[in-house]
Every structure is written in structure tokens, then in C-alpha cells.
Amino acid sequence: MSIPSKDLARLVHQELRACGIRHVVGVPDRETAALWQCFVEDKDTKVITACREGEAVGICAGLHLTGHQPIYCVKNFGFFESLDTFRVLAVDLRTPLLMFIGYAGRARPGFEEELRARRGDASSQIVLAGQWTEKILQAIDVPHYTIDKPDDVQFVRRAVQQAKAESRPVALLGELP
């Protein structure tokens, strides 16, 4: 069942809150706008907007070291930008970092037509980002779950628990514009 992205973002946000997430760190973008809006409207959540995605990884690592469990929230392009910092602070140091990665360019029925209508062409960079996202996560051994519909919200709790139990980063992928 498909629902508006704002409604799905509210469900994701509610589950993140139920899991104890009280800090969101990242760089807002189109693919995660509805989720960011939920955090901004939540007076009990600390929203930290970084200048760059790599900086956000460092802030998340610092929050973890002080006993907090933040969520790193960026678009896939930004995640690519942060890979060196991410490798050191999240992968090598085994930081249980929960991530929500906006899945720009994800192949789905009607995607290229939608992209052409929005941008006038099937922008190759966006298409490549969609093709690379899961492959990069697999290459660096980061488990990930895709959230497309209300039933997928169960993956939020699973990702939080897995990050803690295995002391490693775990990603949630989705489009919540």
C-alpha cells in the first residue's frame, strides 16, 4: 500500500522516537525533506545541520561517545562525499551508527519519466547514484533496509537493534520528499 511521503515520514519518525532517537544530524535535502520536517517540528529532538556530510559523521561519532544514539540523515550523494570519514569513524571504529539515506535515482517504474518531467532529461548523475547506493553499502559491509511503505517501518527498530547488537553502522534507505 502506497501512502504520501509525509505520512510515511511521520511513521518513520514515530518509530525512531520509540527507539530512543533524540538527535538527527546531517544535511537536509529533497529526498529526506519530509523526515527532516518531522524532526524540526519535534521539540524533544535536537536537530543538528552540518555543513558537509563528512562533518555530520564526526558529530554523530561524538554524540555516540557521549552516550547518545543519533541518526545520520543525508542524501546518497552526500553519503558518497562522506565515505572516507565514514570508513574511519563508523566502520573502522565499529560505531553503531543508524543512518537514513535519501535514495535519489532509485530505479522504479516511471522513474525516468518522472526525472525527465522534473529536470528535462534523465540526468545521468542521478541514475548513477541510484545504481551505486546499495552496491557501495554492500562493498563496505553495511547492512541496509529500504523503506517504501508502512509495513517497512518495522525495519527501523530492526536497524536500531542491529546497529547496537553488532556495533556497526546500519542504513535505512528511502525517499521521503
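Here's a quick rundown of the structure. What you see is a predicted model, and the numbers here were worked out from it, not measured in a lab. Residue numbers restart at each chain and count upward from 1, following the sequence in its written direction. Since the coordinates come from a predicted model, pLDDT governs what is reported: local features require at least 70, and pairs of side-chain atoms require 80 or more to be given and counted, while whole-chain, interface and lining totals use all residues. Heavy atoms from the whole structure form the basis of all side-chain values; hydrogens and water molecules are not counted.

Pairing of aromatic rings covers Phe, Tyr and Trp, the last through its six-membered ring, and needs centres within 6.5 Å; plane angles under 30 degrees mean stacked, over 60 mean edge-to-face, and all others mean tilted. With the rule as written, the count across this model stands at four aromatic pairs. With centroids separated by 6.1 Å and ring planes inclined at 55°, the aromatic side chains of Phe80 and Trp132 adopt a geometry described as tilted. With Phe80 in helix α4 (residues 76-81) and Trp132 in helix α7 (residues 124-139), this residue pair connects regions lying 52 residues apart in the sequence. Ring centres of Tyr145 and Phe155 lie 5.3 Å apart, and the angle between their planes is 20°; this geometry places the pair in the stacked category. One end of the pair, Tyr145, is in strand β5 (residues 144-146); the other, Phe155, is in helix α8 (residues 154-166), with 10 residues separating them in the sequence. We note that Tyr145, like Phe155, is buried. By the ring-pair criterion, three or more aromatic residues cluster together here, those being Phe77, Phe80 and Trp132. A run of DSSP states H or I qualifies as a helix once it reaches four residues; a run of E qualifies as a strand once it reaches two. Both are numbered from the N-terminal end. Exposure is judged per residue with a 1.4 Å probe applied to protein chains only, and the accessible area is read against the type maximum: over 50% gives exposed, under 20% gives buried, and values in between give partly exposed.

What follows deals with α8. For α8, which comprises 13 residues, the first-to-last C-alpha distance of 18 Å matches the rise-based estimate of 18 Å (1.5 Å per residue) to within 8%. Buried within α8 we find Phe155, Val156, Ala159, Val160, Gln162 and Ala163. Take α8 and look down its axis: the buried residues cluster within an arc of 165°, on one side only. Looking at the buried residues of α8, the elements they touch are α1 (5-18), β4 (98-102), β5 and β6 (170-174). Positive phi shows up at Ser167, right after α8, with a value of about 45°. In this analysis, the expected span of each helix is defined as 1.5 Å times one less than the number of residues it contains. Arc definition: directions from the helix axis to the C-beta atoms. Should any heavy atoms of two residues lie within 4.5 Å, those residues are considered in contact.

All right, on to the state of the cysteines then. Among covalent bonds in proteins, the disulfide is the one between the sulfur atoms of two cysteines. We call a pair of cysteine sulfur atoms a disulfide whenever their separation is within 2.5 Å. Evaluation of the coordinates by the stated rule reveals zero disulfides. Here Cys38 stays free of any disulfide, with the sulfur of Cys73 as its closest cysteine sulfur at 10 Å. Left without a disulfide partner, Cys51 is nearest to the cysteine sulfur of Cys60, which lies 14 Å away.

Core analysis: the biggest nonpolar cluster contains 27 residues, and Leu16, Leu35 and Leu172 have the highest contact counts within it. Elements represented by at least two residues in this core include exactly α1, α2 (33-41), β3 (70-75), β4, α8 and β6. When sequence neighbours within four positions are dropped, the list of residues in contact with Leu16 reads Ile21, Leu35, Phe39, Ile71, Leu98 and Val156. For this analysis, a nonpolar core means a set of buried residues of the types Ala, Val, Leu, Ile, Met, Phe, Trp, Tyr and Cys, connected via side-chain atoms within 4.5 Å. In terms of nonpolar packing, the next biggest core, distinct from the first, is built from 23 residues, Ile48, Ala56, Val142 and Leu173 among them.

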